[in-house]
Amino acid sequence: MENKKPRIVILGAGYAGILTARRLQKVLRRDEAEIVLVNKHHYHYLTTWLHETAAGTVDDERISIPIQDVIDPTRVRFVKDTVVEVEKAAQRVNLCHGEPLTYDYLVMALGFESATFGIAGIKEHALAIRSMNSARKIRHTIEARFADFARQKVGQEKEEQLTFVIGGAGFTGIEFAAELAERLPGLCQHHGIDRRRVQVINVEGAPGILNGFDPAMAEYAKATLEGMGVQFRLSTRIQSVDAGGVTLQTETGEERLEPATVIWTGGVQGNSLVCNETFAAARGRIAVEKDLRAPGCGNVFVLGDCSSVDNRQTGRPYPPIAQLAILQSSVCAENVATLIRGGSDLKEFVPFIKGTVASLGKQDAVGEVFGVKLRGKLALIMKAIIDIRYMIMLGSPRLLLDKGKLSTYVMPEAYTQTFGSK
Ligand SMILES: Cc1cc2nc3c(=O)[nH]c(=O)nc-3n(C[C@H](O)[C@H](O)[C@H](O)COP(=O)(O)OP(=O)(O)OC[C@H]3O[C@@H](n4cnc5c(N)ncnc54)[C@H](O)[C@@H]3O)c2cc1C
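Residues numbered from 1 in each chain as written. Predicted model: local features only at pLDDT ≥ 70, side-chain atom pairs only at ≥ 80, totals over all residues. Heavy atoms only, no water.

1. Digging into the overall build of the protein
Helix and strand counts for the protein come out as 12 helices and 25 strands. Relative to the 2.2 N^0.38 estimate, which gives 22 Å for 422 residues, the radius of gyration of the protein is 22 Å and therefore close to what a compact globule would have. A separation of at least 24 residues holds for 67% of the contacts in the protein among residues at least 6 apart in sequence. Taken as a whole, the protein presents about 19300 Å² of accessible surface, with 51% of it coming from carbon and sulfur. A distance of 3 Å separates the average location of the 51 positive side-chain charges in the protein from that of its 48 negative side-chain charges. (Helix = DSSP H or I, 4+ residues; strand = E, 2+ residues; numbered from the N terminus. Rg over C-alpha atoms; globule rule 2.2 N^0.38 Å. Contact = heavy atoms within 4.5 Å. Areas by Shrake-Rupley, 256 points an atom, 1.4 Å probe, with all protein chains shown as cover. Lys, Arg positive; Asp, Glu negative; His and termini not counted. Charge placed at Lys NZ, Arg CZ, Asp CG, Glu CD.)

So this is what it looks like as structure tokens:
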């Protein structure tokens, strides 16, 4: 009787999932395992560019790549479906539309969702940069606010239509604020609106921005954004959001802002589908073992934003970043292959984080790479190299030309003009 091949099911085709699938199709022989990749969309998207789609400075199709273009369909079976439940005891994944999938090995890489920290009204009344669809929704909302404002009779305009509050001055909040600020001149020109009527207000609970960045670099970013017209409300917490605006808790008391649009970027946690009572999570992420398996689960790996890995030097978890997800994917694939071949000597995940760069629009950036602090064009070039490197990892030089931001970096002025004029 023929031996049934073990089945590896990978949930999520983000950075961690798609690279794990690609690595497994390379390291495993056809007869060794069946590889199934499940994702809710037929495309892989570049989450690290979502702030640009949300602001409308990069078109949707530039940040999405058909999954079939980057996997070998004869090696990896792609299932376009939404995961609704993982049944650990039954080793089964329940899907929204299709038949349940049983697994011998599971790789959970379902990414992040917004962490609201219990702030009332965020889920209902604020927008969040979570996915392609949510980014699209933000872009359309921004454009609609300008169009509505322009339609109002002179003297009767509602100024709050053009007030945008961004909650959180972390990586995403800062990158998004810069993109939005860069988009504004074009939008104002298109609708015949005076730029001075538009307000972009960033609200942050901490006394500074870009927590975790070198203070001088963070200060540079803040000054750059202020130069672009972004206002900062630091040491100020969003207490609640409702249909009419936001209530702030400042050092001196409560305050009310009445923007038509609130975009929440204040924090992320692992996808609640996996980070729940099935796989015990702390602060929304699963603290994985050294070999990236979920505690007490011999055949379940957790990667990317769903996982939590401690930095040995600081004793604190690494922040959820794509770089970590990418590095985890190759260790996970090797460990899965070892288990399938009957081995037990699994590789330990020891990340070497090269650094981080935050873009400040298309003309500027700030960060630290290999311990070197970078800002301005140098940081921008480094950001481009990171993006290009990822495209190469995804395996197609064509992708680099189609999707790579070569034009964005090589001709930033032309790029800004194109999107700015929309
Ligand atoms: C605006 C922004 C900018 C960022 N910039 C940087 C940066 O410059 N550098 C950096 O290192 N990190 C950055 N990050 C963080 C980085 O994007 C994440 O750490 C990274 O995407 C995590 O990868 P992942 O594979 O865990 O999840 P993701 O890339 O989010 O992928 C998760 C996948 O799972 C799919 N999925 C989710 N739920 C389901 C379901 N129920 N069923 C089926 N499929 C599902 C999703 O569609 C998606 O394809 C940024 C994040 C944001 C939001």
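The discussion continues.
2. Digging into the sheet that holds strand β18 (residues 261-264)
With parallel pairing, five strands are arranged side by side in an open sheet as β11-β18-β12-β13-β14. Both outer strands of the open sheet, β11 (127-128) and β14 (230-233), are each paired with one neighbouring strand and no more. As paired elements, strand β13 (residues 199-203) and β14 share four bridges and run parallel to each other. Bridge assignment links V203 to a residue of β14, and that residue is R233. (Pairing = 2+ DSSP bridges.)

3. Observations regarding a nonpolar patch on the surface
Residues L378, I381 and I385 make up a contiguous nonpolar surface patch of about 290 Å² in total accessible area. Note that I381 resides in helix α9 (residues 377-393). (Patch = residues over 30% accessible without salt bridge, like charges linked within 9 Å, V, L, I, M, F, W, Y side chains within 5 Å. Salt bridge = Lys/Arg side-chain N within 4 Å of Asp/Glu carboxyl O.)

4. Examining the nonpolar core
Inside soluble globular proteins, nonpolar side chains tend to come together where they are buried. Ranked by internal contacts, the top residues of the largest apolar core, which has 113 residues, are I8, L11, I18, L37, M108, F146 and F176. At 11 residues, the largest contribution of residues to this core is made by helix α8 (residues 322-340). Built from parts of two domains, this core gets at least three residues from each of domain 1 (7-114 + 269-355) and domain 2 (122-266). In this structure F176 touches H51, A54, A55, I129, I138, I142, I166 and I263, once residues within four positions along its chain are discounted. The next biggest cluster of nonpolar side chains, apart from the first, holds 13 residues, and it includes I119, A126, V241 and L257. (Core = buried A, V, L, I, M, F, W, Y, C linked by side-chain atoms within 4.5 Å. Buried < 20%, exposed > 50% of the residue type's maximum accessible area, 1.4 Å probe, protein only. Domains from an automatic or database assignment.)

5. Digging into the packing of aromatic side chains
Enumeration over the complete set of coordinates arrives at five aromatic pairs. On the numbers, 4.8 Å between centres and 40° between planes, the contact of Y15 with Y390 is tilted. A residue pair is termed long-range when its members are at least 10 positions apart, and Y15 in helix α1 (residues 15-27) and Y390 in helix α9 qualify at 375 residues. Pair check on accessibility: Y15 and Y390 agree, each one buried. (Phe/Tyr/Trp six-rings, centres within 6.5 Å; stacked < 30°, edge-to-face > 60°.)

6. Topic: the domain arrangement of the protein
Taken domain by domain, the protein comprises domain 1 (7-114 + 269-355) and domain 2 (122-266). Placing the centre of domain 1 and that of domain 2 at their C-alpha centroids yields a distance of 32 Å. Taken together, the 20 residues of domain 1 in the interface contact 17 residues of domain 2. Between domain 1 and domain 2, roughly 1600 Å² of surface is buried when both sides are summed, and carbon and sulfur atoms account for 61% of that area. Sorting the residues of domain 1 by area buried against domain 2 places H51, A54 and A55 first, and these three jointly supply 32% of that buried surface. There are two salt bridges connecting domain 1 and domain 2. Note that R136 is salt-bridged to D60, the shortest N-O span being 2.4 Å. (Buried area = accessible area lost by both parts, 1.4 Å probe.)

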